[in-house]
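# Analysis of the macromolecular model
Residue strings, one per chain:
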Amino acid sequence: MAQHVVTANRLGDGGVVYLSTAGGWTEWLSEADIVDSDADEARLLAIAERAVAARLVVAPYAIPVERQGASLKALSQRERIRAKGPTIHPQFCKPEAGGTGLESSACMSTTNTTAHW
Amino acid sequence: MYVYDEYDRTLVAERVAQFRGQVARRLSGELSEDEFRPLRLMNGLYMQLHAYMLRVAIPYGTLSSVQMRQLAMIARKYDKGYGHFTTRQNIQYNWPKLDAVPDILADLAKVEMHAHQTSGNCIRNVTADQYAGAAADEIEDARITSEVIRQWSTFHPEFSFLPRKFKIAVTGSPHDRAAIKVHDIGLRTIRNDHGEVGYEVVVGGGLGRTPIVGLTIREFLPKRHLLSYLEAILRVYNQEGRRDNLFKARIKILVQSMGGTAFTEKVEAEWRAIRKDAVDFSSEDFARIAAQFAPPRYVTSTAHSAEFEAARLADKDFEAWCRTNLAPHKQPGYAIVNISLKPIGGVPGDATAEDMELFAKIAELWSFSAIRVTHSQNLVLPYVRLSDVHAVWQALRGAGLAAPNIDLITDIISCPGLDYCNLANARSIPVAQRISERFASLDRQYDIGELKIKISGCINACGHHHVGHIGLLGVDKKGEEFYQITLGGSADENASLGTLVGPAFSYDRVVDAVETLVETYVTKRQPGEIFLDTYRRLGVAPFKEALYGSHPA
Amino acid sequence: MALIQHSDFADDSWIRLDDASEAPIGAKIIVSLERWQRDRESLLGRNAPVGVLLKSNQPPALIAADIDRLSLIALEFPKFTDGRAYSYARLLRERHGFKGELRAVGNILRDQLFFMRRVGFDAFEVPDRARAQEWLKSFGDFDVVYQETGDGRRRPVRVREPEIGG
């Protein structure tokens, strides 16, 4: 089985989170717990369902990912956008873990023109 | 505009209190997400890709300066400093926190606004002609009918759990600026041979997965019977609309499967049975609401303004903006001013808190504090004196908000798409931005003329792509974004649905494809023809050949 | 399961009878539409009140002729999002003139009680008596109504000066 991580949205603000290697939830895809067997994926989803019951997150599911060098990449465009934020507003885009959020190079924006902003 | 009385205020306050309780029950665990979802949706609260999204109702697109300022305040206090005006004449905030939403609603209530029925399987916020009350060609102000419908449909006890969402649009003019033929119910105001005002009733139009132009089920409905007739339509739909398949649950599917004649007979029979009951608003009710939409105190009725004409002659940029962004007014000496929210490379429909405050101020100074939101994601100042138009333009231009492109190729409708939306398959906004940049030259835009591009990021068609002269639909091909192109759609009184031209284009190639289509039109057009005319005259073949060669893939 | 009748919790004096069981002598029974259609004569001959439960795909026209013989009609909400019974309730009250107990059964949220009473329901089967006061409070969610239904509430009579200006 391909590599997967488990993601959800936080109940309080809808923010995108991933089950982390530390057992909690992280905002950074790079810190997500990667599994490559059905059994491990089921184990993570069971943990996630407990977090649903505890009203931490909503609607968890597993997504396929791929390790590329030091970073982790979601395989679908939708999940890549979820991981980094809207591609059209560099200023609201998530930085890499540990970043300040200001460096727009962290974003996957395909257009540099934000004349209106 | 309509001003709340104590009853309206009470109702909105009670709704805020109710929703505050519902959020508390969700946070305490009394409500599961499955139970909470329909409740939050009925108050316009979605869970999107990155955050919650709150859709605030702007009934029939009408706003005051005070309300616009409050929208700016909310953008700043609870969001990231901006909002997005939608094709349903609403505004969406992209980043609210769940526990703050009741406070946002309370702040909205202070200025007589709310998020009632902006989502969910209920009668949605009614939409109308954005020029209502000002248009030179109107029979009656569409806001009167719209407000009557707003009240009737608010917390309607019978129709709050319909098979699917239900959208009603109203136009007061023969020229349809409200796209009434692609709504669940469209009402076109008409005057019959006896001079009586009433409605042509169109049912079962819609876009989405199954685009259909609506069917006229009644040529003339006297105004006084409006609500009983709507109630009859809704009652037939509530009982007989499909509930087993989400994709076949809209009223358009019921009308199609029953057949227009059978559906009409059912509605008419139901109407005969309820007409004698006290469903309808009385003529006093109508008159009371109509009085709320009395014209402003115009200060001139002289058609000509020497100042205005002199400014147009003196300033080429002003003249250019006037040509595209003004519309004729019913009051001599006044103009309807369109404010484009489509600057080159901008996000269609987005406005920052600062922009909103500027619009509020300009409206206060020069448009009787009145602002409208259009279904093309632009704004309108409905009552500007000709001699003030130059000042309005200067104020807008100072903030980079005087794009002279209404109805031109860069005036693109775009849904939020995959940058925000949980349902999207592909991004819409950056495609709109790139097209806008490609056609940035004003001379080129004028040469091309009226051309409506509409982009949706998924089959739900919030970007109205089926009725774009050029429509783009984002699809997902193995995790990559592709765009199908339709041609020849239109949403006005001659509504038509676009025809799929051929295989989809990748994100990288779609802008080139649009340019190829435009160049084909420019080459083949006859004098006076806009893109749609040329397409209607020649059909899809020359465009198809330009895109794919003579042997399409 | 608990029952709200009118505006308060109450003991349920009715029993639901399945399609096979014998009706207890003298008991007030609620039967399915199928059983009603099959055993109509014998059920009427019992000299005890009888009610019929309509599923959400069984419109009231199916029992319209028998309205006066029924003391109770229950309308089922298989899911709280299935709103057909709101129309059925109004038709029963306002068109067919049903005067007996109109009971909402199935999947009901307390946020719906206000709507249900407005269309003519006067009895509600709810999950339990937990949070009883909150359930009862929901009837009063709104003091103002914009529509006139068979519940007798009127739209507000409004008198005011017109506003000038757009």
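Residues numbered from 1 in each chain as written. Chains lettered and ligands numbered in written order. Predicted model: local features only at pLDDT ≥ 70, side-chain atom pairs only at ≥ 80, totals over all residues. Heavy atoms only, no water.

## Points about the overall build of chain C
The number of helices and strands found in chain C is four helices and eight strands. Across chain C, helices and strands are ordered from the amino to the carboxyl terminus as β-β-β-β-α-β-β-α-β-α-β-α. Put simply, chain C has 166 residues, and 54% of those count as buried. A total of about 7,600 Å² of accessible surface is found on chain C, and carbon and sulfur atoms cover 48% of it. A distance of 3 Å separates the average location of the 26 positive side-chain charges in chain C from that of its 26 negative side-chain charges. (Helix = DSSP H or I, 4+ residues; strand = E, 2+ residues; numbered from the N terminus. Buried < 20%, exposed > 50% of the residue type's maximum accessible area, 1.4 Å probe, protein only. Areas by Shrake-Rupley, 256 points an atom, 1.4 Å probe, with all protein chains shown as cover. Lys, Arg positive; Asp, Glu negative; His and termini not counted. Charge placed at Lys NZ, Arg CZ, Asp CG, Glu CD.)

## Some words on the confidence of the model for chain A
The predicted model of chain A has a mean per-residue pLDDT of 83, with 80% of residues at 70 or higher. Predicted confidence for residues 97-117 of chain A stays below pLDDT 50, and this span has 44 contacts to residues more than four positions away or in other chains. (pLDDT = per-residue confidence, 0-100. Contact = heavy atoms within 4.5 Å.)

## Some points on the interface of chain B and chain C
Each partner contributes residues to the interface: chain B has 54 residues there, and chain C has 39 residues. Summing both sides of the interface, chain B and chain C together bury roughly 4,300 Å²; the carbon and sulfur share of this comes to 52%. Where chain B meets chain C, there are eight salt bridges. Two residues, Arg-25 of chain B and Asp-111 of chain C, come together in a salt bridge whose shortest N-O distance is 2.8 Å. Mapped by element, the contributors of at least two residues to the side of chain B that touches chain C are helix 1 (6-28), helix 2 (33-41), helix 5 (142-153), helix 6 (226-240), helix 8 (260-274) and helix 9 (283-292) of chain B. Per element, the largest residue contribution to the side of chain B that touches chain C is nine residues, and it comes from helix 1 of chain B. Partitioned by chemical class, the residues of the side of chain B that touches chain C number 24 nonpolar, 11 polar and 19 charged. (Buried area = accessible area lost by both parts, 1.4 Å probe. Salt bridge = Lys/Arg side-chain N within 4 Å of Asp/Glu carboxyl O. Nonpolar A, V, L, I, M, F, W, Y, C, P; charged D, E, K, R; others polar.)

## Some points on the environment of Leu-136 of chain C
All names here are of chain C. Along the chain, Leu-136 turns up in helix 4 (residues 132-137). Residue Leu-136 is classed as buried on the basis of its relative accessible area of 15%. Counting along the chain gives 23 residues from Leu-136 to Leu-113, while the straight-line C-alpha distance between them is 8.6 Å.

## Comments concerning the nonpolar core
If you look at the biggest cluster of nonpolar residues, it comprises 114 residues, and the most contacted ones within it are Met-68, Leu-71, Trp-321 and Val-389 of chain B together with Ile-73, Leu-75 and Phe-121 of chain C. The residue makeup of this core includes at least three contributed by each of domain 1 (6-110) and domain 3 (306-398) of chain B. Contacts of Met-68 of chain B, omitting those with residues within four sequence positions, involve Leu-63, Phe-85, Met-356, Phe-359, Ala-360, Ile-371 and Leu-379 of chain B. Core analysis: the next-biggest nonpolar cluster, separate from the first, contains 46 residues, Ile-149, Tyr-237, Ile-274 and Phe-281 of chain B among them. (Core = buried A, V, L, I, M, F, W, Y, C linked by side-chain atoms within 4.5 Å. Domains from an automatic or database assignment.)

## Digging into the interface of chain B and chain A
Contact with chain B, which involves 40 residues of that partner, is made by 28 residues of chain A. Taking both partners together, chain B and chain A bury about 2,800 Å²; carbon and sulfur atoms supply 59% of that area. On inspection of chain B and its partner chain A, the count reaches one salt bridge. With a closest N to O distance of 4.0 Å, Arg-80 of chain A and Glu-480 of chain B form a salt bridge. Scanning the region where chain B abuts chain A turns up eight residue pairs in polar contact (both at pLDDT 80 or more). Looking at which element gives the most residues to the side of chain B that touches chain A, the answer is helix 14 (residues 429-438) of chain B, with four residues. Residue composition of the side of chain B that touches chain A, by class: 18 nonpolar, 10 polar and 12 charged. (Polar contact = N/O pair within 3.5 Å; in protein donor to acceptor, adjacent residues only side chain to side chain.)

## Notes on helix 16 (residues 510-524) of chain B
Taking 1.5 Å per residue as the helical rise, helix 16 of chain B with its 15 residues ought to reach 21 Å, and the 21 Å between its terminal C-alpha atoms agrees with that figure. Within helix 16 of chain B, burial applies to Val-510, Val-511, Ala-513, Val-514, Leu-517, Val-518, Thr-520 and Tyr-521 of chain B. (Expected span 1.5 Å × (residues − 1).)

## With respect to the packing of aromatic side chains
Counting across every chain of the model gives 27 aromatic pairs over all chains. Arranged with centres 5.5 Å apart and planes meeting at 20°, the rings of Phe-505 of chain B and Tyr-548 of chain B form a pair that is stacked. Here the residue Phe-505 of chain B occupies a position in strand 21 (residues 505-506), and Tyr-548 of chain B occupies one in helix 18 (residues 541-548), the gap between them amounting to 43 residues. In terms of burial, Phe-505 of chain B and Tyr-548 of chain B fall into one category: buried. Judged by centre distance (6.0 Å) and plane angle (65°), the ring pair of Phe-114 of chain C and Phe-115 of chain C falls under edge-to-face. For the pair Phe-114 of chain C and Phe-115 of chain C, one class covers both residues: buried. Aromatic rings pair up to connect Phe-155 and Phe-161 of chain B together with Phe-77, Tyr-86, Phe-114, Phe-115, Phe-121 and Phe-142 of chain C into one cluster. The positively charged end of Lys-80 of chain B is found above the aromatic ring belonging to Trp-95 of chain B, 3.8 Å away from the centroid. (Phe/Tyr/Trp six-rings, centres within 6.5 Å; stacked < 30°, edge-to-face > 60°. Lys NZ or Arg CZ within 6 Å of the ring centre and 35° of its normal.)

## Concerning the arrangement of the chains
The structure contains two pairs of chains in contact, of which chains B and C account for the largest number of contacts. Left apart from each other, chain A and chain C have a closest C-alpha approach of 20 Å.

## A short note on the sheet that holds strand 4 (residues 28-32) of chain C
All names here are of chain C. The eight strands are arranged 2-1-8-7-6-5-4-3 in an open sheet whose pairing can be described as mixed. Where the open sheet ends on each side, the last strands, each with one partner, are strand 2 (8-10) and strand 3 (14-16). Geometrically, the sheet is characterised by an average inter-axis angle of 30° between neighbouring strands, direction not taken into account. Looking at chain direction, strand 1 (residues 2-5) and strand 2 are connected through three bridges and run antiparallel. (Pairing = 2+ DSSP bridges. Axes fitted to C-alpha atoms, helices over the stretch in contact; angles between N-to-C directions.)

## A few points about the packing of helix 5 of chain B against helix 9 of chain B
All names here are of chain B. Running from N to C, helix 5 and helix 9 point in directions that differ by 120°, and their axes come no closer than 9 Å. With respect to their mutual orientation, helix 5 and helix 9 come out oblique. Two packed elements cross with a definite hand, and for helix 5 against helix 9 that hand is right-handed. For the pair helix 5 and helix 9, the contacting residues are Ile-144, Glu-147, Val-148 and Gln-151 in the first and Phe-286, Arg-288, Ile-289 and Ala-290 in the second. Looking at the contact of helix 5 with helix 9 residue by residue, the classes come out as five nonpolar, one polar and two charged. (Parallel < 35°, antiparallel > 145°, perpendicular 65-115°, else oblique. Left-handed = near helix turned anticlockwise from the far one by under 90°.)

## A look at the state of the cysteines
Scanning the entire structure with this criterion turns up zero disulfides over all chains. Note on Cys-462 of chain B: no disulfide assigned, nearest cysteine sulfur contributed by Cys-415 of chain B at a separation of 6.1 Å. (Disulfide = S-S within 2.5 Å.)

## Quick notes on the pairing of strand 5 (residues 50-54) of chain C
All names here are of chain C. Along strand 5, five of the five residues are buried, which leaves the element largely enclosed by surrounding structure. Side chains Val-50, Val-52 and Leu-54 of strand 5 all project onto a buried face; the interleaved residues Gly-51 and Leu-53 project onto the opposite face, where all are buried too. Two strands pair when backbone bridges link them, and strand 4 and strand 5 are joined in this way by four bridges, in the parallel orientation. Bridging across to strand 5, Ile-30 finds its partner in Gly-51. What joins strand 4 to strand 5 is helix 1 (residues 33-44), and the crossover it makes is right-handed. Where strand 5 meets strand 6 (residues 72-77), four bridges bridge the pair, whose relative direction is parallel. Bridging from a neighbouring strand, Leu-53 pairs with Ala-74 of strand 6. (Right-handed = clockwise from strand over helix to strand, strands pointing away.)

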